[in-house]
Structures are given as C-alpha cells and as structure tokens.
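Observations on chain architecture
Listed below, chain by chain, are the residues.
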Amino acid sequence: MNNIETVIQILRDNVKQLFREKRPVWIHRIHPASGPIPHKLIPRGPLKIWTWILVANPAPQQVQTGRACRQMKRKIAIGFEGSANKIGVGIVTSDGTILANPRHTYITPPGHGFLPRETAHHHLDHVLPLVKSALETSQLTPEDIDCICYTKGPGMGAPLQVSAIVVRVLSQLWKKPIVGVNHCVAHIEMGRVVTGADDPVVLYVSGGNTQVIAYSEGRYRIFGETIDIAVGNCLDRFARVLNLSNDPSPGYNIEQLAKKGNNFIDLPYAVKGMDVSFSGILSYIETTAEEKLKNNECTPADLCYSLQETLFAMLVEITERAMAHCDKKDVLIVGGVGCN
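Bear in mind that the values here come from a model prediction, so they are computed numbers and not experimental data.

1. Focus on the overall build of the protein
Across its full length, the protein holds nine helices and 13 strands. In the form shown here, the protein has an accessible surface area of approximately 16,900 Å², with 53% of it arising from carbon and sulfur atoms.

Shown next as structure tokens:
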C-alpha cells in the first residue's frame, strides 16, 4: 500500500469513528510539522483600477509544469479545499502560478440541499483520485512539495474534517509543514494574486458569506455584511422553490434563467446602513412565487431576473459606500456568486 492509499485508509477509519461517536469536530488541534512555512507578501503600491470576478477555472496561460517551477526554485504548495459541497486539490507556486486544480462537486437532486454527513462521504470517496490527478497534472512528486495547506474554516464541520485528516496524515508521511488557511482571506488573496490588484475594496459573495471588506490600518476590516443569510444561500434556496437543477450549481441555473427574464417584479429592498438583509426578500418571493406563476403573472425567468437585480443592487450600494469611505478606486469581487 503506497502513501496515498495509507492516507485514505486512515481517513476512512477517522470519518467512520467521527460519525459513530457523533462528537464535535475540532480541526484546530492539528499541529504543523517543524520547519519554515513559505509565504509571499504582495507589496502595496499605487492604486490600479481592477474589476474582477474570480472563477474556479484557471486561465490556460497560468498552468505550467511543476518541473519548470522546481528548476526556478519557487516554493510549491499543495492545498485542500473541502468546506462545502466541492472537494478540490490544488498545487500552486509562491508567485501564484497554478500547476494543478482538479476538483469534484457533490450534486444533489433538484429541490434538495447538501447535508454535512453525505457531503463528507462524497469528499472521502474523491480525495484520493484528486490527489493523484493533481500530482500527475503538475508532474510533481511528494518530494517536490514544500508545504501542505488546507481550509481550516469557516465551513461545514464534517466536510472540513475530511481535508484536515488527509493533511495531517500526509504531513507525517511526507514530512512537510502544515499551513491552516482562513477561507475568507484566501478568497481575497487569490483574487489579488491573479489580478494584481493592490488595495481593493472586496465584495465577498458566496453561499455562506456576504461581506464588504477593505484593508485598513494593518488588517482586513469588514465595512458591511449580511445580518442574516448569505446572498448565495438566498439564491440556492429560491432555486429549490423553482425545482431547478443543482448541476453545476443552483446559482448558475438561476443566472441562466434570469437572462431570459423581461418583466421586473418589485421585491423588498433591505439595505440597513452598511449592512443588508436577504431573509425577508426570500420569504416574500417564496410566498408569492407559486401564486404569481399559477396566475400567469410572470414566468420563472422573470422571478430569477427580479431577484438577482434586487440582491445585486443592494450589494452595489454598500460596496460604493465602502469605496467612498476608504477612498479606494479598486473593486475585487470574490466568491462563487461573483460568477453571476
């Protein structure tokens, strides 16, 4: 049994034990191996104007072979992301070059969400092929890796546990240091590396987070956020009302329907200072959608179009306020809903 197969066997045993005992998940008790942790600080210079939507697929020109990067003596990290229904294994260099980025998404039937237990089992089944695929695509071996990174949080406990166990075992087998990564900060730094944006106001929109963030006085600070549910969660839950497919994602299918909408329907607009609220909008459209569709007052496309336009107008308003307050000219859009 090779190293990776050993990881999977240990992983299966740990996940089974976790579910059997139904105990809390404490992923922060993973101690990094001794040794330096490679990092890169991006200097902050004159402002550049960028508007960027960060997508999952790297641009073709970003993909290089691991051998070339090793010859140039750049630090190489392998990272594991499993905070929600997607499990991914990426290999990148210290300058942001993407060497490999395979991933697999847990797709549930239309009208259903994804639960932690089933999602964790999905990640468990696919993490081994993804590790092998990442190493093969990058043309690297474990000896070429300088550190092992993983999403420490925030996210769903059981899926996060899968990545945490894999990383812990690989660190012991490969004798590599562990780097725990904050999910939110990673979104921002990925966007800055890819775009070259120096000091942007960040609109972070995903299934679990909705925040307007800017770097001020030595740290990232939240200038506005949702006071209830995230914008992605709002879109996903409305997709269940319309019984839309979850493949590739509910938000994507709402976007495709919204492009066909022509009739704008007034919905509650809830901006409260620098914060937004989406739960009332969701409750209203969930309550009225069936009746409006039954009476032929609108189409599903009209509902998707109206919901998107209302939610995004609210986000644009608080983002513009943050730009004025911080005197910044850059906007960086990160997170899955940025694709919409």
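2. Considering the confidence of the model for the protein
Summing up the model confidence of the protein, the mean pLDDT is 84 and the portion of residues at 70 or higher is 79%. Across the protein, element-level confidence peaks in strand 12 (residues 275-276) with a mean pLDDT of 98 and bottoms out in strand 1 (residues 51-53) with 29. Low pLDDT, under 50, characterises residues 21-63; the stretch is placed with 86 contacts to residues that sit more than four places away or in other chains.

3. Overview of the pattern of salt bridges
Tallying each qualifying case throughout the model produces six salt bridges. With a shortest N-O distance of 2.7 Å, Asp199 and Lys328 are connected by a salt bridge. Highlighted residues: Asp199 in the loop between helix 5 (183-195) and strand 8 (201-205) and Lys328 in the loop between helix 9 (300-326) and strand 13 (331-334), separated in sequence by 129 residues. Under the relative-accessibility criterion, Asp199 is labelled buried at 18%.

4. Focus: the environment of Met156
Along the chain, Met156 falls in the loop between strand 6 (147-153) and helix 4 (157-174). C-alpha separation for the pair Met156 and Pro116, spaced 40 residues apart in sequence, amounts to 6.5 Å. When neighbours within four sequence positions are excluded, Met156 is seen to be in contact with Ser83, Ala84, Phe114, Leu115 and Pro116.

5. Things to note about the packing of helix 8 (residues 279-294) against helix 9
It is the contact of helix 8 with helix 9, at a shortest axis distance of 11 Å, that shows an interaxial angle of 160°. In terms of orientation, helix 8 lies roughly antiparallel with respect to helix 9. Regarding helix 8 and helix 9, the two cross each other, and that crossing is right-handed. Contacts between helix 8 and helix 9 involve Ile281, Ile285, Ala289 and Leu293 from the first element and Pro300, Leu303, Leu307, Thr310, Leu311 and Met314 from the second. Of the residues contributing to the contact of helix 8 with helix 9, the split by class is nine nonpolar, one polar and no charged.

6. Looking at the packing of helix 6 (residues 231-241) against helix 7 (residues 250-258)
With their axes 8 Å apart at the nearest point, helix 6 and helix 7 run at an angle of 70° to one another. Put simply, helix 6 runs roughly perpendicular to helix 7. From helix 6, Leu235, Asp236, Phe238 and Ala239 reach across to helix 7, where they touch Pro250, Gly251 and Ile254. Of the residues belonging to the contact of helix 6 with helix 7, the class tally is five nonpolar, one polar and one charged.

7. Points about the nonpolar core
If you look at the biggest cluster of nonpolar residues, it comprises 39 residues, and the most contacted ones within it are Phe238, Phe278, Leu303, Leu307, Leu311 and Leu315. At the level of elements, strand 8, strand 9 (210-216), helix 6, helix 7, helix 8, helix 9 and strand 13 are the ones that each hand at least two residues to this core. Of the residues forming this core, the biggest block, eleven residues, is contributed by helix 9. Leaving out residues up to four positions away in the same chain, Leu307 has contacts with Cys234, Leu235, Phe238, Leu267, Ile281 and Ile285. Listed in part, the 23 residues of the second largest apolar core include Ile91, Val127, Ala164 and Ile178.

Conventions and cut-offs
- Residues numbered from 1 in each chain as written.
- Predicted model: local features only at pLDDT ≥ 70, side-chain atom pairs only at ≥ 80, totals over all residues.
- Heavy atoms only, no water.
- Helix = DSSP H or I, 4+ residues; strand = E, 2+ residues; numbered from the N terminus.
- Areas by Shrake-Rupley, 256 points an atom, 1.4 Å probe, with all protein chains shown as cover.
- pLDDT = per-residue confidence, 0-100.
- Contact = heavy atoms within 4.5 Å.
- Salt bridge = Lys/Arg side-chain N within 4 Å of Asp/Glu carboxyl O.
- Buried < 20%, exposed > 50% of the residue type's maximum accessible area, 1.4 Å probe, protein only.
- Axes fitted to C-alpha atoms, helices over the stretch in contact; angles between N-to-C directions.
- Parallel < 35°, antiparallel > 145°, perpendicular 65-115°, else oblique.
- Left-handed = near helix turned anticlockwise from the far one by under 90°.
- Nonpolar A, V, L, I, M, F, W, Y, C, P; charged D, E, K, R; others polar.
- Core = buried A, V, L, I, M, F, W, Y, C linked by side-chain atoms within 4.5 Å.

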